[in-house]
Amino acid sequence: MKRPAVSLLFSLCWLWAFGAAAQAAAPTPGHEEVFRITVKKSILASSDVDIPVHVFKPTVTDPTAGLGPWPVVIFSHGRSGSPAGRAAMKAPLAANSDAVRYWHARGYAVVSALRPGYGENTREDPEDHGVRWSGGTCNGQADFAKTTAAATLAMRSVHAWVVEQGWVAKNRILLVGQSVGGLTTVAACGQNWPGVMGCINFAGGAGGNPEASPAASCRPAAMEQQLANPGKSTTVPTLWLYSANDKFWGAEAPKQWHAAYRQAAAAAGQKAESEFFSAPPVGQDGHSLHSAGSRFWAPAVTAWLHKHGF
C-alpha cells in the first residue's frame, strides 16, 4: 500500500497540541558557552574562517546525574535577505529561547554556529545563490547547489568539533535547521555523518521574497531538485515541518518538494522514513514557525522523537 505523505499521527497532533505544550514544563536553561572553530577554505571561500559556536548544556539539578554525555542538537540558522541583516546576526539562538528550553527539557544539549557570511564574517558570502529580484520577478543564477554546499561545509566542521567533545553522546546527534538551515539539514542528512540519528527540517529552502513575491519563491523546481537529491542516500528518519501561510514558499511547493524527496528515496531503495507535518497558519508569516514558539511544533516533534526512540 502506498504510504501517505502526511502521517495520520501528525494530522491528529493539533487535537492535543496546546494541552501537551502546556504540560511540558521546561527547566531553566544552562549557561551559554562560546567556542571558536575553523571552517577551512574551499572553492567557495578564499581563506579559512573562524566562526563562533554557541553551546547550551542542560542545567544539572541532580548532582548524581553527572555532566553528560548528553545527546546533542546541532542547529543550522536561516539566511537574511540583506547584507545588513546578515552582518547584524550575533547568535542563531538565545539561551532563553523556547527552542533551547524544549530540547533541554528532553535532556539534549544544543549547539548552534554562525556560519561564514554572517555576523563578523561578511567579507565573503559563500552562500550567495545569485538570486536578484526586480519587483516580483527573480533574476540571476539561482544557484541553490552553491548555497547548500557552502552551508553544509560549515556545519560539517561544527559536527566534526562536536563529536570530539567529552560531554557529547556521540551516537545520539540530531540535525535541526530553519529555512536555509533546513535546506542544509536535509543535505547534511544525506551525507550520513557519524552519530546522526535523525534530522528535522523547519521551513527549509532558499530563494524566497515574502515582500515582492509572497508564497512564490524563485525557481521552486530547482529547489525541489536540491531537496530531493539527499533522499537517494539518507539512511535515518527525517521530519519536515512547514506552515500553511509560509510567505517564502507558499503552502503547496513544500509538499511537492517532500514528495520528490520520498520518490528519490524510493527509487534508490532507501527505507528511512520521512514525515511531513503541515502546521496551520502562524502569525503573519508561517516562515517563522520555528521561532514563533514550540507550541506550534512541539506535538509533532515530540511524537516523532518518541516514534523513533529518540
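Residues numbered from 1 in each chain as written. Predicted model: local features only at pLDDT ≥ 70, side-chain atom pairs only at ≥ 80, totals over all residues. Heavy atoms only, no water.

S.K.: I'd like a description of the overall build of the protein chain, backed by residues and values.
M.R.: A count of helices and strands for the protein chain gives ten helices and ten strands. Within the protein chain, buried positions represent 53% of all 310 residues. For the protein chain, long-range pairs separated by at least 24 residues make up 76% of all intrachain contacts whose partners lie at least 6 apart in sequence. Only carbon and sulfur atoms are counted for the fraction: they give 55% of the accessible area of the protein chain, which is about 13200 Å². (Helix = DSSP H or I, 4+ residues; strand = E, 2+ residues; numbered from the N terminus. Buried < 20%, exposed > 50% of the residue type's maximum accessible area, 1.4 Å probe, protein only. Contact = heavy atoms within 4.5 Å. Areas by Shrake-Rupley, 256 points an atom, 1.4 Å probe, with all protein chains shown as cover.)

S.K.: Any details on the sheet that holds strand β3 (residues 70-76)? Residues and values, ideally.
M.R.: In space, the eight strands of this open sheet follow the order β1-β2-β4-β3-β7-β8-β9-β10, with mixed pairing throughout. Bordering the open sheet on either side are β1 (32-39) and β10 (274-279), each of which pairs with just one other strand. Adjacent strand axes in the sheet meet at a mean angle of 20° when their direction is disregarded. The sheet contact formed by β3 and strand β7 (residues 168-178) spans six bridges and is parallel. If you follow F75 over to β7, its bridge partner there is V176. The sheet strands contacting helix α5 (residues 144-162) are β1, β2 (49-56), β3, β4 (109-113), β7 and β8 (196-202), and the helix crosses β1 at an angle near 120°. (Pairing = 2+ DSSP bridges. Axes fitted to C-alpha atoms, helices over the stretch in contact; angles between N-to-C directions.)

S.K.: Run through the environment of R262, naming residues and quoting values.
M.R.: Relative to the helices and strands, R262 is located in helix α8 (residues 253-267). When the C-alpha atoms of R262 and S274 are compared, they prove to be 7.1 Å apart, with twelve residues separating the residues in sequence. Among the polar contacts made by the side chain of R262, one reaches the main-chain carbonyl oxygen of S274 at a distance of 2.8 Å. (Polar contact = N/O pair within 3.5 Å; in protein donor to acceptor, adjacent residues only side chain to side chain.)

S.K.: Please provide a residue-by-residue account of the packing of aromatic side chains, values included.
M.R.: In total, this model carries twelve aromatic pairs according to the counting rule given. Taken together, a centroid distance of 5.1 Å and an interplanar angle of 70° make the contact between W103 and Y108 edge-to-face. Exposure class is identical for W103 and Y108. Each is buried. Aromatic side chains W161 and W167 sit 6.4 Å apart centroid to centroid with 65° between the ring planes, which places their arrangement in the edge-to-face category. One aromatic cluster is present, formed by Y102, W103, Y108, F202 and W297 through successive ring pairs. (Phe/Tyr/Trp six-rings, centres within 6.5 Å; stacked < 30°, edge-to-face > 60°.)

S.K.: Explain the pairing of β7 to me, using residue names and the numbers behind them.
M.R.: Among the eleven residues of β7, eight are classified as buried, and the element is accordingly described as predominantly covered. The pairing of β7 with β8 spans six bridges and is classified as parallel. Bridge pairing in β8 places I173 opposite V196. Since β7 and β8 lie parallel, the crossover through helix α6 (residues 180-189) that links them has a hand, and here it is right-handed. (Right-handed = clockwise from strand over helix to strand, strands pointing away.)

S.K.: How would you summarise the pattern of salt bridges if you had to cite specific residues and measurements?
M.R.: As enumerated under the stated definition, the model contains eleven salt bridges in all. Residue D48 is joined to K40 by a salt bridge in which the shortest nitrogen-to-oxygen separation is 3.7 Å. The partly exposed category is assigned to D48, whose relative accessible area is 41%. A relative accessible area of 54% means that K40 is categorised as exposed. D125 is paired through a salt bridge with R86; the nearest N and O atoms lie 3.5 Å apart. (Salt bridge = Lys/Arg side-chain N within 4 Å of Asp/Glu carboxyl O.)

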